[in-house]
Structures are given as structure tokens and as C-alpha cells.
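Descriptive analysis of the structure
In case you want the letters, here they are:
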Amino acid sequence: MALLEVNNLKKIYTTRFGGQQCQALSQVNFSVEEGEYVAIMGASGSGKTTLLNILASLDKPTAGEVRLDGTVLSKISDSKISAFRRENLGFVFQDFNLLDTFSIKDNILLPLVLSRKQYKEMEAKLMPLAKRLDIDSLLEKYPYEVSGGQKQRTAVARALITQPKLILADEPTGALDSKAAQNLLQIFDQINESGQTILMVTHSTQAASHAKRVLFIKDGEVFNQLYRGNQTQEQMFHKIVSTLTVLSDGGVDIG
Amino acid sequence: MGRSFYLKLAMTNLKKNRNAYIPYILGGMGMVFTYVLFLLISDGKGIANVVGGETLQMLFAMGTFIISVFSVIFIFYANGFLMKRRKKEIALYGILGLERKHVGIVMFYESFLSALASIGGGMILGVVFGKLFFLFLMKITKIAEGSTFVINSSVFVKTFVFFIIVYFITLLWNQLQIRLSKPIELLKGEEVGQKEKRSTPFLAIIGLVCLGAGYYLALRVVNPLAALNDFFIAVLLVIAGTYYLFRAGSIFFLKILKKNKRYYYQTNHFITVSGMIHRMKQNATGLSNICILSTMVLVTLSTTIALYVGQENVVSSRNPTDYALKINKDKVDSKELKNEIENICKKNHIEISDYQDVLYQDTLIDYTNHSIMPLNRNEIFANAFRYYDLLIMTQEQYNSLLNESIALNDDEVLIRFGTGAYKYESVKIGEKTYQVVQGSKKIPVNFGADIGATDAIFLVMDTEERIIQTINELNGKQQRQEVVNMDYQVFFNASGKYEDRIKCANEMKKTTYNMDSNRRYTNIDLDREEGYKLFGGLVFLGFFLGITFLLAMVMIIYFKQISEGFEDRKRFDILNKVGLDKKDVKKTINKQIIQVFFLPLVGAILHVSVAFKMITKLLRIFELTNTMLVFQCTLVTIGLFALIYIFVFRMTAKAYYRIVKR
């Protein structure tokens with residue numbers, strides 16, 4: 001059984017005063033095996049963000065279901081959804097979403113504190129992770145005192161510290177300069193190699209070329225997918241570019 | 001682009017920012033209204049001719065001054081809040097291609113419109129409700145005749161000029177800020193100021209020392225005149241202490257909590273403690289402002305209310321007997337005086353009781369280390385706690401008063417404190433030392449007016465000559481007229497119809513003046529009439545100032561909640577994404593706001609409780625001696641204030657949640 005199964009996912013937004021309906025996702029099917037590294041690409045308005053929100057259990061589908069490790073997300077009760085999210089999912093956002101009120105260390109520990117873990121346990125997990133992400137010297141600083149790349153690595157640490165089944169990354173390189181972006185992608189490669197499942201939504205061909213598989217979404221459907229197999233990252237990059245060209249029908253900007 | 005474009009843009013801006021501008025304008029209106037009202041009372045001709053009207057006008061002139069200072073501070077403060085919030089928007093105009101000059105024009109229209117609304121609104125309120133409040137004032141001061149509410153146009157001109165200048169200066173200040181900053185800095189406007197303010201343990205210790213010293217002064221106070229002296233120092237110390245403690249002390253305390261890992265890394269403590277540190281860093285100044293304003297409101301209201309409610313207590317403790325008269329022995333004979341008094345009373349249908357006349361002299365002296373010295377006028381406040389009222393009578397008078405038969409030598413005196421026995425064997429009076437004969441009985445003489453503020457020392461000497469000599473020596477440096485003879489002190493009570501009593505008291509006043517123009521005369525009924533004006537005026541003033549302070553405080557709380565709301569919305573989102581329940585998010589944020597906003601209230605109540613002793617002493621200057629009454633008034637004021645505070649908090653919390661939930 002796959003770690004994540006997405007079956008016939010459909011999402012229709014209705015404007016507040018009835019009437020207008022807008023279909024964000026029409027029919028999405030795919031699955032992610034444990035240890036995979038999947039990138040989802042698509043143009044603006046293709047439904048990427050909607051998909052991610054549903055996968056993150058922040059939004060509910062109109063029809064269809066998402067199973068994470070056999071559990072149907074939409075069937076988890078409201079009171080348990082936060083705990084479920086905390087224990088099974090890790091998030092990395094484009095704009096980092098760190099809390100200014102917490103030091104880097106406390107930002108990383110936040111999910112563990114919310115899960116009411118012992119402090120000893122937290123500390124044992126913190127240092128190795130911080131060293132791996134090269135932020136061990138920044139732990140006492142505050143988010144507004146460090147660079148964007150450092151912020152994003154902090155966010156990655158926060159996502160990893162609960163050892164989630166799945167990491168969901170939403171345009172993780174979007175707010176970073178090319179060097180910091182490259183650095184982050186290498187970190188993603190590393191954590192994936194150590195067995196972590198990653199699902200990343202991105203605009204960036206560069207970012208997507210690091211994944212083992214790339215899904216293309218268009219008009220609310222999975223349009224195509226590419227496997228990296230044994231190709232190098234560069235070969236993958238060119239393959240993605242040519243697919244995007246086909247996908248865009250020669251007109252739509254794809255970034 | 002036409003002129004109307006800028007005007008239109010300004011109007012749209014005001015409308016869009018209405019949740020900030022409406023309170024700003026309402027606050028301004030309140031200030032203008034109070035200012036107009038006070039000016040109308042102090043400046044107008046409506047009460048100029050009324051008995052006691054002058055006292056009232058003076059009181060309200062003072063009130064006008066306080067309000068004008070306060071309005072300036074308030075308008076600048078509120079304006080600062082507005083600007084901080086709108087910087088981003090203003091920067092956007094710059095980026096969209098509006099020149100600074102054009103932004104300046106838009107801002108001019110905005111300021112102009114909001115200033116006009118505040119000033120105009122306040123003046124209209126003044127015209128509409130002015131008369132109502134005027135009548136209310138006349139009612140509590142019991143001014144029955146001769147007063148009319150006159151709307152004086154010069155008052156409105158004055159108000160307009162004053163406030164337009166204040167608003168104009170804020171506009172200039174805003175323009176300057178825009179000119180001096182780059183658009184990119186403006187864009188981050190709301191985030192600037194979040195930078196950590198230095199908070200060292202050192203500052204916390206300074207705060208603690210200041211507050212401790214202020215509290216010590218307040219608790220140490222023994223005597224009303226000393227209280228007056230220490231009051232201002234204590235107030236300054238407490239204000240400084242409050243600022244430092246809110247700023248540094250709170251963070252210091254929270255950081256200690258944070259250092260305790262076991263405590264800190266628990267779900268509720270984790271978010272609350274770090275959130276509180278963040279908030280205290282940003283809000284310490286605002287919170288200490290609220291705390292100090294609250295204290296001011298509480299003190300102003302409780303004292304003035306106590307004075308008003310306790311008027312009867314004041315009047316009766318100022319006048320232990322209905323009439324008190326001090327008149328020179330040379331001018332009139334004891335019998336003659338009594339006859340005259342009885343005649344006047346009879347004519348006015350007043351019955352006399354408890355008639356007492358005593359021959360003595362009294363003066364204010366400095367007592368320390370068993371020695372009675374002349375006052376040093378240069379240090380009248382510094383040594384105030386050593387001042388006593390000295391009352392000297394002959395042994396002849398003493399014996400006849402108490403049915404005793406003491407006989408003093410020329411180096412002996414009988415001495416007794418008003419509050420108890422004198423415990424030493426000798427006493428130095430001026431340059432001479434006397435042996436002390438203990439007086440066992442309380443001396444049944446009422447001082448009348450002087451007993452309240454200072455304690456009394458009773459002294460009995462052998463001859464009149466010695467008394468006069470001693471008095472002159474003790475008065476020596478005060479450049480008073482030389483005393484040449486003993487004074488009669490006459491006390492009696494009177495009963496009859498109120499109008500008769502007033503008539504009688506007024507006639508007595510005239511007659512005794514004709515006997516001796518230096519006589520001292522007090523009467524309970526005349527005193528009461530004067531008291532109504534003074535205390536009625538005071539309570540009215542206190543009430544209005546209290547309301548104005550309250551208004552300012554409400555506004556600060558409101559602006560705080562709004563700006564926090566915008567910030568918390570982001571945090572609310574992130575916490576939710578990371579896996580905190582929506583319910584829990586609301587709960588923790590709620591808990592924080594409650595803690596942050598009730599801290600000033602707790603601080604204010606603490607300040608007032610410590611200041612209570614000092615306040616009661618100060619009220620003794622007005623001869624309000626009923627501590628229980630003051631206590632009750634303070635308690636009721638605190639209770640009402642807390643209710644209003646909670647109400648305000650609820651209302652603004654609603655505005656806050658609306659922002660956060662969006």
C-alpha cells in the first residue's frame with residue numbers, strides 16, 4: 001500500500017452568495033510511495049495550492065479522498081485534526097512561517113512542545129538535526145536576525161523534528177536567492193536519501209529537477225508525469241523544460 | 001489631477017481606515033468638548049457675580065490648563081498610532097507614482113477633515129450639552145440665584161485656535177516623517193519598533209528602587225503638611241518606577257521563567273511566556289501609560305468624591321462649634337461681648353448653647369527634641385512634620401476651666417499634647433528651659449480651624465506677661481504684628497431655622513468686624529455655603545478630568561488591541577498550520593491579552609492602595625478626617641472603574657477578534 005493515496009479528488013469553490021462556481025480540482029489521482037521525492041508542477045491557477053491545502057488537511061475536498069498511511073483525512077474529527085497534522089505531516093512554506101516571538105530553537109521545538117514531549121527528549125532531537133542543517137550556531141537568535149536561507153532551514157528543521165511520515169513543501173525556494181535555494185535543495189536530497197518522503201509543490205524547474213518524480217497539473221487534473229530514474233539532475237531539468245513547453249500550448253507562462 | 005481628486009482620495013482613506021479614525025476623532029471631540037465646557041465656566045460671565053463664583057472660575061481655569069496640556073499629549077499619541085499603521089499605505093502611494101508633494105496634499109486633507117470633525121463635533125457638543133452640565137454644576141454647588149449659562153463666542157474662537165494649532169503641528173510632524181523616510185522603510189513601518197528594547201536587570205532594579213522609594217514615602221507619611229511635600233516626589237518616583245518595571249522588570253521576570261526549561265517547554269507556558277515577552281517589549285510604555293492614567297483617574301475621582309460626600313464631615317471638623325471668634329481683650333470686655341452676641345442671636349431667632357470664652361494665645365511652632373522653636377519660613381515644607389499648633393493660657397484660666405488649683409513657679413510650665421501626655425521632665429521654649437508639670441486632664445478647648453492639619457500642644461504658664469513675651473519670641477522671625485495682649489476665644493453653638501442662621505452669621509460677621517478688624521471669625525453655616533462651591537466645583541472638575549483621562553485610556557487600549565490584532569492574525573495562522581488547535585490558539589491568545597491588559601489595572605489598584613494613607617493625610621488639609629468615608633469612596637471608585645475597564649476591554653476585544661478571524 002502506498003503512503004499517500006489521492007483518489008478522484010475534486011474541489012469546487014462556491015462564491016459567497018451562491019451562483020458562481022469555480023472548479024479548482026476536477027479529477028486528481030496519484031499516489032506516493034514511502035521514501036519517494038515527488039514534485040508537483042503547474043501554472044498559476046492550475047490548482048496546486050488547493051491540492052496542497054487538501055493534502056495538508058487545511059481544506060476539505062468536495063469529492064474524493066486522501067489517504068495517508070491508510071487513514072482518510074476528511075474523516076478525522078476536527079478535534080483530532082491538529083494532532084494528526086502535527087504527528088504525521090511536516091510543512092515547509094514559501095514565506096517560512098516562523099514565529100517572531102520565538103527564538104530559532106523554540107521555533108524548531110514548537111511541534112514537540114505542542115505534543116507535550118519531555119524537554120530531555122526535545123533536546124536530544126534538536127542538536128543532531130540542527131547540526132545537519134547547519135543552524136546549530138543560530139539557535140538562540142530570533143527569526144528577524146537571520147538570513148532567508150537560514151530561516152528556511154529552520155523551517156525544515158521544524159518540519160523534520162517530529163519525524164513525520166510526509167514532508168509537504170510549498171514553493172520552498174520561492175523566497176530564496178539562487179545560492180540559498182541550491183543549498184536547500186541539496187538538503188532536501190539528503191533527507192530524502194535518509195528515507196524521508198517529500199512532496200513538493202513548485203514553479204521552479206530547478207527545484208523540480210531534484211525530485212525523483214515530477215507530476216504536472218493542468219486545469220485541475222494530473223496531466224503528465226516524469227520519472228527521473230537513472231538520469232542526472234541536468235538531464236531531468238531538460239526533460240522538464242520540454243514537457244512544460246508542450247504543456248503550455250506555446251502560450252501560457254510557466255515561470 | 002484636480003484638487004478634488006486629492007480630496008476624494010483623502011475621504012476614501014478616512015473611510016477605509018475608519019476603525020482607527022473614528023476613535024481618533026471621537027477622542028479629539030471629547031477633549032474639545034471638555035475644553036469648551038471648562039472655558040465656558042471659567043471665562044464666561046454666567047457665574048461671575050455669584051457668591052463663591054470666583055472660587056469656581058479659578059478652579060476651572062486650572063482645569064482648562066490641565067485639559068489643554070493633556071489634549072496635546074493625547075492627540076500626539078493617537079496620531080503616532082495612526083501614522084504607524086498607515087505607513088505602508090503611504091509608501092504604496094509613493095511606489096504607485098504619487099509624488100511626496102501629492103501625498104503631502106492628501107495627508108493635509110485627511111488631517112484637515114479629521115481635525116475639523118473633532119473640533120466641530122466637540123463644539124457642537126459644547127453648545128448642546130453645555131447648558132445641561134452647567135445646570136448640573138449649579139446644582140451640586142447649590143448656587144441658586146444669579147447664575148446664567150452664557151455662550152460666549154470668544155470661548156469658541158479660543159478653542160478653535162488652540163486645537164487647530166495642535167492638529168496643525170501633528171500634521172507638520174507627519175509630513176516631516178514622510179519626507180525623511182524612504183518608501184522601503186515606510187513599507188516596513190508596522191514592523192519597525194518591534195526591535196528589542198534594551199531590558200537589563202539593572203533597569204529592573206532601578207524600577208524596583210524607584211517604586212520602593214515612592215511607596216516608602218507614601219507609607220512613611222505621618223502628617224498632612226509633610227504629605228503635601230512628599231506627595232509630588234512620591235508621584236514622580238512611582239511613575240518612574242512603573243515605567244522601568246513594566247519595561248525591564250516584567251521582561252526580567254519572564255526571562256527567569258524562560259530559563260526554567262521544565263516550566264517553559266510545556267504547551268501552555270511555551271506560547272504564553274514567549275508571547276508575553278514579545279508583547280511586553282513592544283507594549284511596556286503603552287501599558288505603563290495606561291497604568292498611570294488609571295491611577296490618576298482613581299485618585300482624582302476618589303478624592304473629589306470623598307470631599308463632596310464628606311462635606312459635612314469637613315465642615316463639622318473645621319467647626320467643632322458653630323461659632324468661633326477670636327477677638328482682642330483690649331477691644332471688648334467679656335461681658336459686653338457676650339451681651340452683644342446674645343442680642344444679635346435673639347434678634348434673628350437663634351438660640352445659643354455651650355457658650356464658652358477662654359483667654360489664650362496660639363501660634364504655629366516647630367517642635368523637635370523637647371524644644372519649641374519659631375518656624376523657619378524658608379523650610380516650611382521640608383520640616384512640616386515637626387509643626388504643631390501651640391496654645392498657651394494662664395494658670396488662672398486653666399484652673400477655672402478644669403476646676404484645678406495648680407500654682408506654677410516662674411520656671412515651670414504645664415504641657416500636654418493634643419493627642420496625649422508629654423513624657424519628658426523639661427522643655428525648652430525659645431531660649432529658655434522650663435521644668436514640666438504634668439497635666440493629667442484633657443483640656444476642653446476646641447481650636448476651631450487649626451486643629452486639622454497639625455497636631456496641638458497645650459501649654460500653661462504662670463502669667464499673661466510671660467505668655468505674651470513667649471508668643472512674641474516664637475513669632476519673632478515671622479514678621480507678624482507684635483502681640484500686646486491676650487485674645488478672647490469665644491465658642492458657642494446655635495440653633496434655629498437655616499435662613500435665620502445664615503442671616504445671624506452674616507450679621508455677627510459685620511458686628512465683630514466693627515469691634516476689632518483683626519478678629520478671627522468662623523461660622524459653620526457660612527463655611528458650609530463656601531464649601532458647596534469649592535467641593536461641588538472640585539467634584540465636577542474631578543469627574544470631568546477623570547472622564548477625560550478614562551477616554552484617553554480607552555483610546556490607548558483600543559489602538560493597542562487593533563494593532564495587536566493585525567499582528568496576531570499572522571501568528572494565529574502559523575500556529576494553526578504547525579498543528580495547534582484553532583480553539584487552543586484562541587484560548588492562548590485570549591489568555592495573553594487578558595494578562596497584558598489587566599496588568600495595568602492591577603498595578604493601578606496597587607498604587608492607589610499604597611497611596612491611600614497619603615491621600616487620607618492630604619484630605620486632612622481640607623479637614624476631611626473621616627478615614628472610613630475616604631476608604632469607602634475609594635473602594636466604590638475602584639469598583640466602578642474596574643467595571644468600566646472590563647467593559648472597555650470586552651468591546652475592544654471584539655474588534656480584535658474580528659481582525660484576527662478574518
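Before going into details, it helps to say that this report is about the structure given with it. Counting from 1, residues in each chain are numbered in the order their sequence is written. Following the order in which they are written, the chains are lettered starting with A and the ligands numbered starting with 1. Per-residue local features of the predicted model are confined to residues with pLDDT of at least 70, and side-chain atom pairs are confined, for both listing and counting, to 80 or more; whole-chain, interface and lining totals are unaffected and use all residues. Hydrogens and water are ignored here; the side-chain numbers use all heavy atoms of the structure.

1. Let's talk about the overall build of chain B
Stated precisely, the cut-off is as follows: Helical segments are the DSSP runs of H or I of at least four residues, strand segments are the runs of E of at least two, and each set is numbered from the N terminus. Exposed residues in this analysis have more than 50% of their type's maximum accessible area, buried residues have under 20%, and partly exposed residues fall in between, with area computed by a 1.4 Å probe over protein chains only. The criterion used for residue contact is that any of the two residues' heavy atoms lie within 4.5 Å. For every accessible area listed, the method is Shrake-Rupley and the probe measures 1.4 Å; residues are considered covered only by the protein chains on display.
Broken down by element type, chain B carries 18 helices and 11 strands. Its C-alpha atoms give chain B principal-axis dimensions of roughly 100 × 65 × 40 Å. Counting every position in chain B, which comprises 662 residues, the buried fraction comes to 55%. Look at the contacts in chain B between residues 6 or more apart in sequence, and 83% of them connect residues 24 or more apart. For chain B, the computed accessible surface area is about 31,300 Å², with 61% contributed by carbon and sulfur atoms.

2. What to know about the overall build of chain A
Going by this rule: What the globule rule says is 2.2 Å times the number of residues to the power 0.38, and the radius of gyration is computed from C-alpha atoms. Counted charges follow a simple rule, with Lys and Arg positive, Asp and Glu negative, and His plus the chain ends left uncounted. Here the site of a charge means NZ on Lys, CZ on Arg, CG on Asp, or CD on Glu.
Along chain A, the regular secondary structure elements total 8 helices and 10 strands. The C-alpha atoms of chain A give 18 Å as radius of gyration, which agrees with the globular expectation for 255 residues (18 Å, within 12%). Each principal axis of the C-alpha distribution contributes one length, and for chain A these read about 50 × 45 × 40 Å. When each of the 255 residues of chain A is scored for burial, the buried share is 53%. Partitioning the contacts of chain A with sequence separation of at least 6, the portion at a separation of at least 24 is 69%. When the 28 positive and 28 negative side-chain charges of chain A are each reduced to one mean point, those points stand 5 Å apart.

3. Some thoughts on unusual backbone geometry
All names here are of chain A. If you check the backbone angles, Phe96 has positive phi at about 65° while not being a glycine. Relative to the assigned elements, Phe96 resides in the loop between strand E6 (89-92) and helix H3 (104-114). We note that Asp219 has phi near 50°; this positive angle belongs to a residue other than glycine. Examined against the element boundaries, Asp219 turns out to sit in the loop between strand E9 (213-218) and strand E10 (221-227). The class for Asp219 is exposed, based on a relative accessible area of 61%.

4. Things to note about the packing of aromatic side chains
Residues and elements named next belong to chain B. Selection criterion: Aromatic rings from Phe, Tyr and Trp, taking only the six-membered ring of Trp, are treated as a pair when their centres fall within 6.5 Å; an angle between ring planes under 30 degrees marks them as stacked, one over 60 as edge-to-face, and anything in between as tilted.
A full pass over the atoms with the stated rule returns 37 aromatic pairs over all chains. When the centroid spacing of 6.0 Å and the interplanar angle of 70° are considered together, the rings of Phe38 and Phe544 count as edge-to-face. One end of the pair, Phe38, is in helix H2 (residues 18-43); the other, Phe544, is in helix H16 (residues 524-578), with 506 residues separating them in the sequence. Judged by relative accessible area, Phe544 falls into the buried class, the value being 5%. With 4.7 Å between their ring centres and 65° between their planes, Phe70 and Phe549 make a pair best called edge-to-face. One end of the pair, Phe70, is in helix H3 (residues 53-96); the other, Phe549, is in helix H16, with 479 residues separating them in the sequence.

5. Description of the packing of helix H8 (residues 224-259) of chain B against helix H17 (residues 582-621) of chain B
Residues and elements named next belong to chain B. Definition in use: Interaxial angles span 0 to 180 degrees and are taken between N-to-C directions of axes, which are lines fitted to C-alpha atoms, for helices over the stretch in contact. Working rule for angles: under 35 degrees goes down as roughly parallel, over 145 as roughly antiparallel, 65 to 115 as roughly perpendicular, anything else as oblique. Each residue is assigned to one of three groups, with Ala, Val, Leu, Ile, Met, Phe, Trp, Tyr, Cys and Pro labelled nonpolar, Asp, Glu, Lys and Arg labelled charged, and all others, Gly among them, labelled polar.
Where H8 contacts H17, the two axes come as close as 9 Å, and the packing angle between them is 170°. Taken together, H8 and H17 sit at an angle that is classed as roughly antiparallel. Mapping the contact onto sequence places Pro224, Ala227, Leu228, Asp230, Phe231, Ala234, Val238, Thr242 and Phe246 in H8 and Leu599, Pro600, His607, Met614, Lys617, Leu618, Arg620 and Ile621 in H17. Of the residues in the contact of H8 with H17, the class split is 12 nonpolar, 2 polar and 3 charged.

6. Let's talk about the side chain of Asn399 of chain B
Residue and element names in this part refer to chain B. Mapped onto the elements, Asn399 comes out in helix H13 (residues 395-402). Taking the relative accessible area as the measure of exposure, Asn399 reaches 15% and is therefore buried. In this structure, Asn399 is in contact with Glu404, Ser405 and Ile406, ignoring residues within four places of it in sequence.

7. Describing the pairing of strand E7 (residues 166-170) of chain A
Residue and element names in this part refer to chain A. Note the threshold: In this analysis, strands are considered paired if DSSP registers two or more bridges between them. Seen with its strands pointing away from the viewer, a crossover is right-handed if its path from the first strand over the helix to the second goes clockwise.
Taking burial as the measure, the 5 residues of E7 include 5 buried ones, the bulk of the element. Neither face of E7 is open: one carries Leu166, Leu168 and Asp170, the other Ile167 and Ala169, and all of them are buried. Two elements, E7 and strand E8 (residues 197-202), share 5 bridges in a ladder whose sense is parallel. The partner of Ile167 across the bridge, within E8, is Ile198. Taken together, E7, helix H6 (residues 178-193) and E8 constitute a β-α-β crossover, and its handedness is right-handed.

8. Considering the interface of chain A and chain B
Heads up, the condition is: Accessible-area loss on putting two parts together, using a 1.4 Å probe and summing over both, is the definition of buried area adopted here. Salt bridge, as applied in this entry: a Lys or Arg side-chain nitrogen positioned within 4 Å of an Asp or Glu carboxyl oxygen.
Counting from both sides, the interface comprises 28 residues of chain A and, opposite them, 22 residues of chain B. For the pair chain A and chain B, the two sides together bury roughly 2,400 Å², of which 59% comes from carbon and sulfur. Taken together, the connections running from chain A to chain B amount to 0 salt bridges. Of all the secondary structure elements, the ones that give two or more residues to the side of chain A that touches chain B are helix H2 (78-88), H3 and helix H4 (119-132) of chain A. The element contributing the most residues to the side of chain A that touches chain B is H3 of chain A, with 7 residues. Residues belonging to the side of chain A that touches chain B are distributed by class as follows: 15 nonpolar, 4 polar and 9 charged.

9. Quick notes on the packing of H16 of chain B against H17 of chain B
All names here are of chain B. How we decide: Handedness of a helix crossing follows the sense of rotation of the near helix relative to the far helix, less than a right angle counterclockwise being left-handed and clockwise being right-handed.
With their axes 11 Å apart at the nearest point, H16 and H17 run at an angle of 150° to one another. Classified by the angle their axes make, H16 and H17 are roughly antiparallel. Regarding H16 and H17, the two cross each other, and that crossing is right-handed. Contacts between H16 and H17 involve Ile557, Lys560, Gln561, Glu564, Asp568, Arg571, Phe572, Leu575 and Asn576 from the former and Lys582, Val585, Ile589, Gln592, Ile593 and Phe597 from the latter.

Read these as layout, nothing more, since geometry by itself doesn't imply function.
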